[in-house]
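# Understanding the architecture of this molecule
The chain contents come next:
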Amino acid sequence: MKLSKTLVFSFGIVTYNIVSALPSEGTSAGCQRVALNASTNIWQGYILHQSDPDYAQLISLAAGRIQDETLTQKALKVADAGTFLSIDNPQAFSKLERTLQESIPCNHIVGVTLQGMGLPEQGSYSDWPGYKMPIMPEEHKRVYVDPLASMISANPSTAFALIIEPFTLPAFIKHDGRNLSMLETIYHASIPYALESLGNLPNAILYLDAGHGGLLGWHQTLPLVASNISAVYKVANSPPQFRGIAINTHNYNAWDLSPGEFATTRETRNYAQNEQTYLRLLGTRLQQLGVPNNAIMDTSRNGIHGLREEWDRWCNVYGAGLGRFPGPNLQPGQQELDAFIWAKGPGYSDGSSDSVIGIYRKYCGGIDAHKPSPERGEWFQEYFETLVREAHPSVGV
Ligand SMILES: *[C@@H]1O[C@H](CO)[C@@H](O)[C@H](O)[C@H]1NC(C)=O
Ligand SMILES: *[C@@H]1O[C@H](CO)[C@@H](O)[C@H](O)[C@H]1NC(C)=O
Ligand SMILES: *[C@@H]1O[C@H](CO)[C@@H](O)[C@H](O)[C@H]1NC(C)=O
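A brief look at the structure comes next. (Residues numbered from 1 in each chain as written. Chains lettered and ligands numbered in written order. Predicted model: local features only at pLDDT ≥ 70, side-chain atom pairs only at ≥ 80, totals over all residues. Heavy atoms only, no water.)

Another aspect to go through is the nonpolar core. In terms of nonpolar packing, the biggest core is built from 63 residues, with L198 and I229 touching the most fellow members. Aside from chain neighbours lying at most four places away, what touches I229 is L169, L208, A210, F242, I245, L286 and V291. In this structure, I59, A75, W379 and A391 belong to the second largest nonpolar core, which totals 23 residues. (Core = buried A, V, L, I, M, F, W, Y, C linked by side-chain atoms within 4.5 Å. Buried < 20%, exposed > 50% of the residue type's maximum accessible area, 1.4 Å probe, protein only. Contact = heavy atoms within 4.5 Å.)

Below is the structure:
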């Protein structure tokens, strides 16, 4: 059945009450055509789908290896939370295809992180010896953006939330003294096309990655973050489905810890000691430039603070715990934050601690990392168990 656009849009207006009106059962095949209203917080009507088709099985295997019965129960609960799926290589599209073949409840939203520019999802640039040229705009378009846009168009009854290119903008703005002008040029050549092509699909909503306060909350960097985002948004002709920014997707910060984790160190020159502050400072600037400034925030590992020597330490941090489970942000007075999300499934390793095997990133072997750790993207059982055990708020069973 093809519904008229007007009728479909009317579902988007009342985001809050619509949850009960949306059919909660049934597969995407039986769902109505989706038109997300990017002027509203769509997370009040949609639940983040487990968008990684392998994750549920990984959790069930992981839970089976745990001796402690309470911890096993908690681990199984993690499977109830949705996560985004990263498209960080062309083969990852087959995973997305498998997800879309499952039955997706009509009130679920599939989360996809577009990460085709060839930069790591986590870590600071200076910590990344594998740095090479990011892929060129033409290849980014052909290998990543166009196939993703086609898949979203081919599934008009499924809702999608997209995080666009984690760590790229933060890398060139916080260049750590390196000359990353080439990366900046490529970013400005690639991102507007991605925003325009994906940001005009009615069943998708877009968030452009803006790092986190520890990376970019400095007085020199805040205006540059806002002006760079504004530039790509405007070159993309202000796409209607652009909702704002994604924060905390690589490395992490607390949402509202005060004083912040590094408030008493040399990092005091940073204005954004927590993400709430970062969002307020950056959001004000974006608004002044006429850019939508709502946000989603990754909380897959930010439950515990005070574990790190420096903000830069991002790799399998020892003792880290899950933060809030994905869901809409319902706290009054904090309308800028749409939702807490998990950008990737907790339990995947951030990188190998072995300097000989795999791609070694120095912080993965650092004093505050959980070691030994397997290669990036592989299952890391001990780390998973720690995340679950140390979760804050704790996982209810
Ligand atoms: C989207 O939501 C806004 C804010 O609630 C509302 O004013 C607008 O009419 C909605 N747009 C559509 C097309 O429903
Ligand atoms: C983007 O940020 C860079 C700093 O990395 C700055 O030099 C440049 O002027 C900014 N571009 C825009 C369009 O604001
Ligand atoms: C930085 O790199 C760009 C291109 O890679 C080059 O054109 C420019 O001259 C470099 N700037 C400095 C200060 O080295």
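Before going further, it helps to examine the pattern of salt bridges. According to the stated counting rule, one finds 11 salt bridges in the structure shown. One salt bridge in this structure joins E261 and R308, with 2.7 Å as the shortest N-O distance. Of this pair, E261 sits in the loop between β6 (242-247) and α11 (275-288) while R308 sits in the loop between β7 (294-298) and β8 (327-328), and the two are 47 residues apart along the sequence. Across the pair E310 and R313 runs a salt bridge, and its minimum N-O distance is 3.6 Å. Shared partners join several salt bridges into a network, and the residues in it are E309, E310, R313 and D368. (Salt bridge = Lys/Arg side-chain N within 4 Å of Asp/Glu carboxyl O. Helix = DSSP H or I, 4+ residues; strand = E, 2+ residues; numbered from the N terminus.)

In terms of backbone geometry, most residues other than glycine have negative phi values and most peptide bonds are trans. Residue S258 is joined to P259 through a cis peptide bond whose omega torsion reads -5 degrees. Note the cis peptide between K371 and P372, where omega equals -10 degrees. Looking at where P372 falls in the secondary structure, it is placed in the loop between β9 (337-341) and α12 (381-389). Positive phi values are uncommon outside glycine, yet F167 reaches one of about 75 degrees. By the element assignment, F167 lies in the loop between β4 (159-164) and α7 (168-173). A residue is classified by how much of its surface remains accessible, and F167, at 2% relative accessible area, is buried. Backbone geometry places N316, a non-glycine residue, at a positive phi of 40 degrees.

Under the defined criterion, the tally for this structure stands at 2 disulfides. A disulfide bridge connects C31 with C106, and the sulfur atoms are separated by 2.0 Å. On the S-S bond that ties C31 to C106, the torsion sits near -95 degrees, and the link is left-handed. You can see C31 sitting in the loop between α2 (18-21) and β1 (47-48) and its partner C106 sitting in the loop between α5 (92-101) and β3 (108-114), a full 75 residues away along the chain. The residues C31 and C106 share a single accessibility class, namely buried. Through a disulfide, C315 is tied to C364; the S-S separation comes to 2.1 Å. (Disulfide = S-S within 2.5 Å.)

For the rest of this paragraph, the subject is the pairing of β3. The side chains of a regular strand alternate between the sheet's two faces. Burial within β3 is extensive, with 7 of its 7 residues counted as buried. Burial along β3 is two-sided: H108, V110, V112 and L114 facing one way and I109, G111 and T113 facing the other are all buried. Direction of pairing for β1 relative to β3: parallel, over a ladder of 2 bridges. What sits directly across from I47, in β3, is H108. When strand β2 (residues 85-87) meets β3, the two strands line up parallel, connected through 3 bridges. Considered in β3, the bridge of I87 is made with L114. For the crossover that starts at β2, traverses α5 and ends in the parallel β3, the hand is right-handed. As defined by bridge partners, β3 adjoins β4 across 6 bridges and the pair is classed as parallel. Bridged to G111 within β4 is A161. (Pairing = 2+ DSSP bridges. Right-handed = clockwise from strand over helix to strand, strands pointing away.)

To continue, consider the site of ligand 2. Near ligand 2 the following residues occur: F172, I173, E184, L224, S227, N228 and A231. Taking S227, its side chain carries an N or O atom lying 2.7 Å from an oxygen atom of ligand 2. In the model, an oxygen atom of ligand 2 is placed 2.4 Å from a nitrogen or oxygen of the N228 side chain. Burial of ligand 2 by the protein chains amounts to 64% of its free accessible area of 360 Å². If you tally residues by element for the shell around ligand 2, the top one is helix α10 (residues 221-235), at 4 residues. (Near = heavy atom within 4 Å. Polar contact = N/O pair within 3.5 Å; in protein donor to acceptor, adjacent residues only side chain to side chain. Areas by Shrake-Rupley, 256 points an atom, 1.4 Å probe, with all protein chains shown as cover.)

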